[in-house]
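# An overview of the molecular structure
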Amino acid sequence: MADLDARQAELCERSPWDFSDLRALYINCTLKRSPAASNTGALADRSIAILERNGVAVEVIRAVDRDIATGVHPDMTERGWERDEWPEIFGKVLASDILVLLSPIWLGEKSSVCTRVIERLYGNSHLLNQHGQYAYYGRVGGAIITGNEDGAKHCAMNILYSLQHLGYSIPPQADSGWLGEAGPGPSYLDPESGGPDNDFTNRNTAFLTWNLMHVARMLKDAGGIPAHGNQRAEWDAGCRYDFDNPDYR
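Please read these numbers as outputs of a predicted model, since none were measured by experiment.

Further remarks concern the packing of aromatic side chains. Counting across every chain of the model gives five aromatic pairs. Each ring, one from phenylalanine 90 and one from tyrosine 136, has its centre 6.2 Å from the other, and the planes form 85°; the classification is edge-to-face. Of the two residues, phenylalanine 90 is situated in helix α3 (residues 86–94) and tyrosine 136 in the loop between α4 (112–123) and β5 (140–147); the sequence distance between them amounts to 46 residues. Neither residue differs from the other here; phenylalanine 90 and tyrosine 136 are each classed as buried. Considering the side-chain rings of tryptophan 178 and tyrosine 188, the 5.7 Å spacing of their centres and the 70° angle between planes classify their relative orientation as edge-to-face. Of the two residues, tryptophan 178 is situated in strand β6 (residues 175–179) and tyrosine 188 in the loop between β6 and α6 (199–222); the sequence distance between them amounts to ten residues. Since its relative accessible area comes to 2%, tyrosine 188 is described here as buried. A connected cluster of aromatic rings, assembled from ring pairs, spans Phe90, Tyr136 and Tyr168.

Spelled out as structure tokens, the structure:
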């Protein structure tokens, strides 16, 4: 478990809430295969430590280590690919109340690995839950970004938009990032970077994590998003709620 700064640790100690029935999945979209150190993963470790100190069960997947096929269908072995580990990963996505995507910045954009993960999430977005809503309803999403040039907000904007479009609820301040100086320079983990001691990043990481837990708690206690006006089957059957039904019905 990563070390927390004094204020992050104090918030955990003073928490009156029970989050112990929540599950979180962090998908690290670094381009580095294990066991290479991931700067984005190191920042995420602070967020994960807050969750774990509050009893949340956390799993981390480094996507580049897994055989995730390219495409937008639930199982790409049915589309000519020899192997595809996405169906197993998707099972972990559905078992989680919280999903956080981690990405470095390359050329001002999220990584190609992160794009692939979002495409595969999109490929399952037509599935429905037990209430007839899209499968990701009732879950919360966040983003953690690191890089050596500007673009953290741009990457988070893209990731968080994608998640909410698929059905995730996005809490307030649901992203955190760290940026080094423009051009070649120290990365988050490098001793001279100052990254782990950056107060702005540590504050946003704490806010991100607590807001993920709070909104996940509210959604779980409420049984998810209310099932009215957002059920695909009823819309297809002609229920238009505030719209007049078609004349041909």
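Quick look at the nonpolar core now. When a protein is soluble and globular, its nonpolar side chains tend to lie buried together. Residues Tyr26, Ile27, Leu101 and Leu121 are the most contacted members of the largest nonpolar core, which totals 60 residues. No other element matches the eight residues that α6 contributes to this core. Contact partners of leucine 121, with chain neighbours within four places excluded, come to Trp86, Val93, Leu99, Leu101, Tyr136, Leu163 and Leu166.

Attention shifts here to unusual backbone geometry. Going from serine 34 to proline 35, the amide bond is cis rather than trans, its omega being 10°. Inspection of the secondary structure assignment puts proline 35 in the loop between β1 (23–28) and α2 (39–53). With phi around 55°, leucine 107 is a residue other than glycine that occupies positive phi space. Secondary-structure assignment places leucine 107 in the loop between β3 (98–106) and β4 (109–110). Taking relative accessible area as the criterion, leucine 107 reaches 84% and is therefore assigned exposed. In this structure, glutamine 173 is a non-glycine residue whose phi angle is positive, near 45°. In this fold, glutamine 173 is placed in the loop between α5 (152–166) and β6.

Rules and cut-offs
- Residues numbered from 1 in each chain as written.
- Predicted model: local features only at pLDDT ≥ 70, side-chain atom pairs only at ≥ 80, totals over all residues.
- Heavy atoms only, no water.
- Phe/Tyr/Trp six-rings, centres within 6.5 Å; stacked < 30°, edge-to-face > 60°.
- Helix = DSSP H or I, 4+ residues; strand = E, 2+ residues; numbered from the N terminus.
- Buried < 20%, exposed > 50% of the residue type's maximum accessible area, 1.4 Å probe, protein only.
- Core = buried A, V, L, I, M, F, W, Y, C linked by side-chain atoms within 4.5 Å.
- Contact = heavy atoms within 4.5 Å.

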